[in-house]
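Take a look at the letters that make up each chain.
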Amino acid sequence: MAGFVAAAALALPVSLAELKADGRIATSEEDALLAGLARAATDLCESFTGSLLIAREVSETVAAGTAWTRLGAAPVRSIGPVAAIGLDGAEALLPADGYAVDIDAAGDGWVRLTAARTERRLQVSYVAGLAGDANGVPEALRLGIARLAIHYFASRDTEKPGSPPAAVTALWRPWRRLRLGQNPR
């Protein structure tokens, strides 16, 4: 998933208490480390699945044109204002009838101009994510994140930590979104 800028998630899909319980960690000495490992595991989960887990604002610059262009983050929940970016870099919001948007059944967002313009780029604002909050993230994804974070924690002092547990990818694989190309609709 590249080409877009997503706001930071307000919460992690797995709480610190859940991580500590899963890893049988009783003290709070390593809480900052565990939180960082949970963030890293969440980032890997999003990269592997091709989906943002918790809904958040996304900004993306795409080529301007009358052909449909797929947005980079998924699954898309809503598409907001679209601005044309001039040659000088100035942005101008387009009127609602100046562009068309669509969200397909797979959760992919699409945008296009309704008429040709001189601008070559569009700035699209939208919201994407599987769940509205951490509790809405599917349990298989949450469990995989927790297992990966605990795996990192347990192997933090080893020179060669080994590969992540196979159970992690087994939990995430059903949620993986694959794109074979950017074919227009």
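Predicted model, so just to flag it, every value in this text is computed and none were measured.

## Considering helix α3 (residues 139-154)
Phase 1: Spanning 16 residues, α3 covers 22 Å between terminal C-alpha atoms, matching the ideal 22 Å at 1.5 Å per step.
Phase 2: Lining the buried residues of α3 we find α1 (16-22), α2 (31-49) and α4 (166-172).

## Quick word on the sheet that holds strand β5 (residues 91-93)
Phase 1: The antiparallel open sheet is built from five strands, whose spatial order is β1-β2-β8-β4-β5. With partners counted over all chains shown, the strands left at the sheet margins are β1 (4-6) and β5, one partner each. Each adjacent strand pair in this sheet contributes to an overall mean axis angle of 30 degrees, direction not counted.
Phase 2: Bridge count between β1 and strand β2 (residues 56-63): three bridges; the pairing is antiparallel. Residue pairing across strands places Val 5 opposite Ser 59, the latter belonging to β2.

## Some words on the sheet that holds strand β3 (residues 69-70)
Backbone hydrogen bonds are what pair the strands of a sheet, in a parallel or an antiparallel way.
Phase 1: Ordered by their spatial adjacency, three strands build an open sheet running β3-β7-β6, and the pairing between neighbours is antiparallel. The open sheet terminates on both sides in strands that have one partner only, identified here as β3 and β6 (99-103).
Phase 2: For β6 and strand β7 (residues 109-113), the ladder comprises five bridges, and the chain directions are antiparallel. Bridge pairing links Ala 100 to Arg 112 in β7.

## A word on the pattern of salt bridges
Phase 1: Summed over the entire model, instances satisfying the criterion amount to nine salt bridges.
Phase 2: In this structure, Arg 156 and Glu 30 form a salt bridge, with 3.5 Å as the shortest nitrogen-oxygen distance. With a gap of 126 residues between them, Arg 156 in the loop between α3 and α4 and Glu 30 in the loop between α1 and α2 connect regions that are remote in the sequence.
Phase 3: According to the relative accessible area criterion, Glu 30 is partly exposed, its value standing at 25%.
Phase 4: In this structure, Glu 119 and Arg 117 form a salt bridge, with 3.0 Å as the shortest nitrogen-oxygen distance.
Phase 5: Judged by relative accessible area, which is 18%, Glu 119 ranks as buried.

## A few points about the packing of α2 against α3
Phase 1: For the pair α2 and α3, the least separation of the axes is 8 Å and the interaxial angle reads 130 degrees. Put simply, α2 runs oblique to α3. Once α2 is placed against α3, the crossing between them reads as right-handed. Counted together, Leu 33, Leu 34, Leu 37, Ala 38, Ala 41, Thr 42, Leu 44, Cys 45 and Thr 49 of α2 and Leu 141, Ile 145, Leu 148, Ala 149, Ile 150, Tyr 152 and Phe 153 of α3 form the full contact between these two elements.

## Looking at the packing of aromatic side chains
Phase 1: Here the structure, examined in full by the defined rule, presents one aromatic pair.
Phase 2: Here the aromatic rings of Phe 48 and Trp 172 are separated by 6.0 Å at their centres, their planes lie at 45 degrees, and the arrangement is tilted. In this pair, Phe 48 is assigned in helix α2 and Trp 172 in helix α4, connecting sequence segments 124 residues apart.
Phase 3: Classification of Trp 172 by relative accessible area gives buried; the value is 3%.
Phase 4: When the ring centre of Phe 48 is taken as reference, the NZ or CZ atom of Arg 176 above it lies at 4.1 Å.

About the cut-offs
- Residues numbered from 1 in each chain as written.
- Predicted model: local features only at pLDDT ≥ 70, side-chain atom pairs only at ≥ 80, totals over all residues.
- Heavy atoms only, no water.
- Helix = DSSP H or I, 4+ residues; strand = E, 2+ residues; numbered from the N terminus.
- Expected span 1.5 Å × (residues − 1).
- Contact = heavy atoms within 4.5 Å.
- Pairing = 2+ DSSP bridges.
- Axes fitted to C-alpha atoms, helices over the stretch in contact; angles between N-to-C directions.
- Salt bridge = Lys/Arg side-chain N within 4 Å of Asp/Glu carboxyl O.
- Buried < 20%, exposed > 50% of the residue type's maximum accessible area, 1.4 Å probe, protein only.
- Parallel < 35°, antiparallel > 145°, perpendicular 65-115°, else oblique.
- Left-handed = near helix turned anticlockwise from the far one by under 90°.
- Phe/Tyr/Trp six-rings, centres within 6.5 Å; stacked < 30°, edge-to-face > 60°.
- Lys NZ or Arg CZ within 6 Å of the ring centre and 35° of its normal.

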